[in-house]
Amino acid sequence: MSHAVIAATGLFTPDQSISNAELVEAYNAWAERFNADHAAEIAEGDVAALTPSSVEFIEKASGIKSRFVLDKAGVLDPARMAPNIPERADEDLSIMAEMAVAAARQAIAAWGKPVSEIGAVLCAASNMPRPYPALSIEVQQALGIDGFAFDMNVACSSATFGIKTAADFIASGSVKAVLMVNPEVCSAHLNFKDRDSHFIFGDVATAVIVEASDQAGPGGWDVLGTRLKTVYSNNIRNNFGFLNRAALPTGASEPISSDGLSDKMFVQQGRKVFKDVVPMVSDMIVDHARDLGIDPATLKRMWLHQANINMNQFIGRKVLGRDPTPEENVIILDEYANTSSAGSIIAFHLRQQDMAPGDTGLICSFGAGYSAGTVFVRKRG
């Protein structure tokens, strides 16, 4: 039976970047305005004054130094504090499809084969622009791919769940090649007015081509094994959905205002997430490796989900049994921030060229759900 091979990857990076210093300046200007507007309520103890953010706080808490975004001006405008991404006409390619297509074209070019060999397109991401038609089908049409397509959402773990799904299609013989894309406009679901999370996310898109080993050329990565895990938790949550409109108070006819969207965007209890997720993922990696006959201490490289440098360092130490080197435990979140499902794929895409045939590595994601996915790979000759 043919097994799955990761044959190529692609990356789309927006041309605008925001440094921590720029982000802090905008947040603090907004916070000062808020405190001034609510001075009386703050004095009476009815409203809590907002605390300024700082570059030092952000880097200590996360390891993030900058992030790429689709719209910098809106995010840094204290009167807006959100990206400005206008709606497009129904007949135009959506912004997320445009990002996915750009990443996919890069992967297809690296692959060097015609799109007629791709039998399925998966769009795996933490947020979709609409319930239907599926974003994956829009991408499929834009690239001229036959076959079928569908969307899937497992938050930050979507890409590894997508690779697992693609590998299963390959193993069953359903298709010979799968395109999996991960467009993430995380800046649109981030509350830039929340000091504890305003720095976390960036925008990006990645693409992965998974094909059957019996048709794969030289190079690429053999998929040695995939494993998925989910445990329900409210500690990372986004309550935005179509039922919000049905929950409007009697007599209300307007959409929910921007001031009422705090729980309709990204919300996280960071300390609880850290306490729950780090041991869960560490144990999952070690157990999966041993089931595959791999000594986890021999892994040449780990491309972990890029959410928080402290989480990655703890997981790296638990898996390898020692402090990993920067080459072993890849960190790209300092430049890209958290890009949800795309993070581990960015790390894999950017930091794999020096690997030698026979080297074994791990692509791993974890996040809301809770959800986690492990994909062990070995460099092909």
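The shown structure was predicted, so the numbers you read here are calculated from the model rather than taken from an experiment.

K.L.:
Would you explain helix H9 (residues 309–320) in this entry?
P.N.:
An α-helical segment advances 3.6 residues per turn. Residues three or four places apart therefore align on the same side. Taking 1.5 Å of rise per residue, the 12 residues of H9 would be expected to cover 16 Å, and the 16 Å separating its terminal C-alpha atoms lies within 8% of that figure. All of the buried residues along H9 are Met-311, Asn-312, Ile-315, Gly-316, Val-319 and Leu-320. Buried residues of H9 fall within an arc of 135° about the axis and therefore sit on the same side. The secondary structure elements touched by the buried residues of H9 are helix H8 (270–291), strand S11 (301–304) and strand S12 (360–367). Gly-321, located one to two residues past H9, shows a positive phi value of around 80°.

K.L.:
Teacher, can you tell me more about the sheet that holds S11 here?
P.N.:
Sheets are built from strands paired through backbone hydrogen bonds, the pairs being either parallel or antiparallel. Spatially, the nine strands line up as an open sheet ordered S5-S4-S6-S7-S1-S8-S13-S12-S11, and their pairing is mixed. Each having just a single partner strand, strand S5 (148–152) and S11 make up the two edges of the open sheet. Between one strand axis and the next, the sheet turns by 25° as a mean value, whatever way the strands run. In this structure, strand S1 (residues 4–12) lies alongside strand S8 (residues 221–230), joined through two bridges in antiparallel fashion. By the bridge assignment, Val-5 is partnered in S8 with Asp-222. Sitting on the sheet, helix H5 (residues 95–111) is in contact with S1, strand S6 (177–185) and strand S7 (203–212), with an inclination near 130° to S1. Packing against the sheet, H8 makes contact with S8, S11, S12 and strand S13 (371–379), and its axis sits at approximately 40° to S13.

K.L.:
Where do I start with the environment of Leu-304 in this structure?
P.N.:
Considering the arrangement of structural elements, one finds Leu-304 in strand S11. With relative accessibility at 0%, the residue Leu-304 sits in the buried group. Sequence separation of Leu-304 and Cys-364 is 60 residues, and the distance between their C-alpha atoms is 4.8 Å. Excluding anything up to four places from it in sequence, Leu-304 contacts Ile-285, Asn-312, Ile-315, Asn-329, Ser-344, Leu-362, Cys-364 and Phe-366.

K.L.:
I tried to follow the nonpolar core on my own but got confused; where do I start?
P.N.:
Looking at soluble globular proteins, one finds that nonpolar side chains tend to be buried together. Val-281, Ile-285 and Phe-366 are the most contacted members of the largest nonpolar core, which has 46 residues in total. When residues no more than four places from it in sequence are discounted, the contact partners of Ile-285 are Leu-304, Ile-315, Val-319, Leu-362, Cys-364, Thr-374 and Phe-376. Ranked by size, the runner-up nonpolar core spans 38 residues in total, among them Met-180, Val-208, Ala-342 and Ala-347.

K.L.:
Looking at this structure, how should I read the pairing of S7?
P.N.:
When a strand is regular, its side chains alternate between the sheet's two faces. When you tally the buried positions in S7, you get 10 out of 10 residues, the bulk of the element. When S6 meets S7, the two strands line up antiparallel, connected through nine bridges. Residue pairing across strands places Val-178 opposite Val-210, the latter belonging to S7.

K.L.:
Is there a simple way to explain the layout of surface pockets in this structure?
P.N.:
In this approach the atoms are scanned with a rolling probe the size of a water molecule, which exposes any empty space left behind. Put simply, the second largest pocket is a space of about 260 Å³. The wall of the second largest pocket is formed by 13 residues, among which Thr-325, Pro-326, Glu-327, Asn-329 and Ile-331 lie closest to the centre. If you tally residues by element for the lining of the second largest pocket, the top one is H9, at three residues.

K.L.:
Would you explain the side chain of Ser-282 in this entry?
P.N.:
In this structure, Ser-282 sits in helix H8. When sequence neighbours within four positions are dropped, the list of residues in contact with Ser-282 reads Ile-315, Lys-318 and Val-319.

K.L.:
How should I be thinking about a negative patch on the surface in this particular structure?
P.N.:
Where like charges cluster on the molecular surface, the negative patch consists of Glu-87, Asp-90, Glu-91 and Asp-92. Mapped onto the elements of the fold, Asp-92 is located in the loop between helix H4 (72–75) and H5.

K.L.:
Even after reading the chapter, I still don't get the environment of Asn-20, so can you show me in this structure?
P.N.:
Residue placement: Asn-20 occurs in helix H1 (residues 20–37). For Asn-20, a relative accessible area of 1% puts it in the buried group. Sequence-wise, Asn-20 and Lys-65 are 45 residues apart; in three dimensions their C-alpha atoms are separated by 5.6 Å. Here Asn-20 is in contact with Val-55, Ile-58, Glu-59, Ile-64, Lys-65, Ser-66 and Arg-67, once residues within four sequence places are set aside.

Conventions we followed
- Residues numbered from 1 in each chain as written.
- Predicted model: local features only at pLDDT ≥ 70, side-chain atom pairs only at ≥ 80, totals over all residues.
- Heavy atoms only, no water.
- Helix = DSSP H or I, 4+ residues; strand = E, 2+ residues; numbered from the N terminus.
- Expected span 1.5 Å × (residues − 1).
- Buried < 20%, exposed > 50% of the residue type's maximum accessible area, 1.4 Å probe, protein only.
- Arc of directions from axis to C-beta.
- Contact = heavy atoms within 4.5 Å.
- Pairing = 2+ DSSP bridges.
- Axes fitted to C-alpha atoms, helices over the stretch in contact; angles between N-to-C directions.
- Core = buried A, V, L, I, M, F, W, Y, C linked by side-chain atoms within 4.5 Å.
- 1 Å grid on protein atoms, 1.4 Å probe; cavity = no way out; pocket = protein on both sides within 12 Å on 5 of 7 lines; lining within 4 Å.
- Points joined across faces, edges and corners; volume = space filled by probe spheres on them.
- Patch = residues over 30% accessible without salt bridge, like charges linked within 9 Å, V, L, I, M, F, W, Y side chains within 5 Å.
- Areas by Shrake-Rupley, 256 points an atom, 1.4 Å probe, with all protein chains shown as cover.
- Salt bridge = Lys/Arg side-chain N within 4 Å of Asp/Glu carboxyl O.
- Lys, Arg positive; Asp, Glu negative; His and termini not counted.
- Charge placed at Lys NZ, Arg CZ, Asp CG, Glu CD.

So far we have only geometry, and geometry alone does not tell us how the molecule works.
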